[in-house]
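# Structure assessment
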Amino acid sequence: MTQPERPTPARRAVLGAAGAAVLGGSTVLAGGTAQAVQSAVAADGEPGARAQGHGHGGYRSLPVPTVIGHRGASGYRPEHTLGSYQLALDLGADVVEQDLVPTKDGHLVCRHENDITGTTDVADHPEFASRRTTKTVDGAALTGWFTEDFTLAELKTLRAEERIPATRQKNTLYDGRWAVPTFEEVLRWAELEGRRRGRPVWLHVETKHPTYFRSIGLALEERLARLLRRYGRHRADSPVFLQSFEPGSIQWLAKLVDSPRVVLLSGAATRPWDFVEAGDPRTVADLVTPAGLRWIASYAQGIGPTLDLILPRDASGRLGAETTLVRDAHAQGLILHPYTQRNENTFLPAEYRRGTDPNAYGDAFGALKRFFATGIDGIFSDNADTAVLAAADFRAR
């Protein structure tokens, strides 16, 4: 691995703050449960009434580049757990991401997918063996266990596990340590941490498969909007981003709340699933044109493109010529939060890989320097500490 440059004073300050936070620990990080978070909030008063500052100036007040903890600190802890979220915050992430799916009884819980086969110990529960089924979600046939077939009480009997154990073997140490959190528990955690730190805890919240869930009577947007209003995160300057790969979900949310909104964009040749369902022929390639970006800017404040839409990779996996997406999006007043930066060789552009082990760390600092040089406003990172240091280096140059 290439050694980073000698730390600047700003970088040393970041290192010290992150280290002190991690070494100091917290009740959640040390193994506390969602119930502990709920109890602490309950003891301190009702939620929502003291939402911290509604953003303290809004999303434009966040540092640039903004570091978004992707599913928390998923490079170090099983994703979408209170432990992962807490660690991302302690490592210095400016924003922490949640993905939302519903339970059978309508609660919003934090999982990257409604298929929980690979992220929980559900397969070890004989009482749920009969729930294993095959479903078609956004055109893909999937076999496993799904959140919409469990009540919240049933889901709470499961424990979270590492999603890619072959790549992140150390994360398996934490298998079984945390339950699947509800989004309301995360809101309470964020409020508690915000009061403790004296500043708002920013969240980046994604509606997963919204067209599918609306079709089975478990629409996400209204449930999400109710929670945002309850916890005072429904205003234009609230410390939250709402995101979705389906533009229609973002348009729907724009009618319900004023919170900042981001349209996520996958590969250029793909179509958002709500477009597929509606017969809209546009692809992501159409949405990243000036006309497409102008349309997005009519109801959203930002885009979350895959990094390949900004810096495409060639056949060998090396970065090619930069596109005009950053410039074109900024011309429409949109911010860019691309995804995803990870430290492992297997995820890095070829020129930043080091050695032959795909699971070893490569030159993540070099890759981040290149990404930041494009002018992006932030980045989703599985390794918040790495991205925080790289962002500090970039700002101090």
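All values derive from a computational prediction rather than experimental measurement.

## Description of the packing of aromatic side chains
Two measures describe an aromatic ring pair: the distance that separates the ring centres and the angle between the ring planes. Within this structure, the stated rule accounts for 10 aromatic pairs. With a centroid separation of 5.9 Å and an interplanar angle of 90°, the aromatic rings of Phe245 and Tyr339 are classed as edge-to-face. Taken together, the residues Phe245 in the loop between strand S7 (240-244) and helix H8 (247-256) and Tyr339 in the loop between strand S10 (335-336) and helix H13 (364-372) connect sequence positions 94 residues apart. Taken together, the ring pairs connect Tyr59, Trp202 and Phe241 into an aromatic cluster. Stacked on the ring of Trp178, the Lys or Arg Arg177 has its end atom at 5.9 Å from the ring centre. Seen from the ring of Trp295, Arg282 lies directly overhead, with NZ or CZ sitting 4.2 Å from the centre.

## Section: the nonpolar core
With 83 residues, the main nonpolar core has Phe183, Trp189, Leu203, Leu224, Ile303 and Phe371 as its most contacted residues. With 7 residues, the single largest contributor to this core is helix H14 (residues 384-396).

## A word on the packing of helix H5 (residues 183-197) against helix H7 (residues 220-230)
Packing of H5 against H7 brings their axes to within 11 Å, and their N-to-C directions diverge by 25°. The orientation of H5 with respect to H7, classified from their angle, is roughly parallel. Crossing geometry of H5 relative to H7 is assigned as right-handed. Residues Phe183, Glu184 and Leu187 of H5 pack against Leu224, Leu227, Leu228 and Arg230 of H7.

## Quick word on the pattern of salt bridges
As enumerated under the stated definition, the model contains 23 salt bridges in all. Close ionic contact of Lys135 with Glu148 constitutes a salt bridge, the shortest N to O distance being 3.2 Å. With Lys135 in strand S4 (residues 133-137) and Glu148 in the loop between strand S5 (140-144) and helix H4 (152-155), the pair connects residues that are 13 residues apart, well separated along the chain. The exposure class assigned to Lys135 is buried, which follows from its relative accessible area of 16%. Exposure remark for Glu148: the relative accessible area of 6% places this residue in the buried category. Between Arg214 and Glu221 there is a salt bridge, and its shortest N-O distance comes to 2.9 Å. Residue classification places Arg214 among the partly exposed positions, given a relative accessible area of 36%. According to the relative accessible area criterion, Glu221 is buried, its value standing at 3%. Residues joined by salt bridges that share partners form a network here, namely Asp90, Glu193, Arg196 and Arg197.

## Overview of helix H11 (residues 290-297)
Among the residues making up H11, those that are buried are Gly292, Leu293 and Ile296. Seen along its axis, H11 keeps its buried residues to an arc of 95°; they face one direction. Along its buried surface, H11 packs onto strand S8 (261-265), helix H10 (284-287), strand S9 (302-305) and helix H12 (325-331).

## Considerations on the pairing of S9
Neither face of S9 is exposed, since Gly302 and Gly304 on one face and Ile303 and Pro305 on the opposite face are all buried. Pairing between S8 and S9: 4 bridges, direction parallel. What sits directly across from Val263, in S9, is Ile303. Here 2 bridges tie S9 to S10, and the two strands are oriented parallel to one another. Bridged to Gly302 within S10 is Ile335. Assessed by its sense of winding, the connection that carries the chain from S9 through H12 to S10 is right-handed.

What counts and what doesn't
Residues numbered from 1 in each chain as written. Predicted model: local features only at pLDDT ≥ 70, side-chain atom pairs only at ≥ 80, totals over all residues. Heavy atoms only, no water. Phe/Tyr/Trp six-rings, centres within 6.5 Å; stacked < 30°, edge-to-face > 60°. Helix = DSSP H or I, 4+ residues; strand = E, 2+ residues; numbered from the N terminus. Lys NZ or Arg CZ within 6 Å of the ring centre and 35° of its normal. Core = buried A, V, L, I, M, F, W, Y, C linked by side-chain atoms within 4.5 Å. Buried < 20%, exposed > 50% of the residue type's maximum accessible area, 1.4 Å probe, protein only. Axes fitted to C-alpha atoms, helices over the stretch in contact; angles between N-to-C directions. Parallel < 35°, antiparallel > 145°, perpendicular 65-115°, else oblique. Left-handed = near helix turned anticlockwise from the far one by under 90°. Contact = heavy atoms within 4.5 Å. Salt bridge = Lys/Arg side-chain N within 4 Å of Asp/Glu carboxyl O. Arc of directions from axis to C-beta. Pairing = 2+ DSSP bridges. Right-handed = clockwise from strand over helix to strand, strands pointing away.

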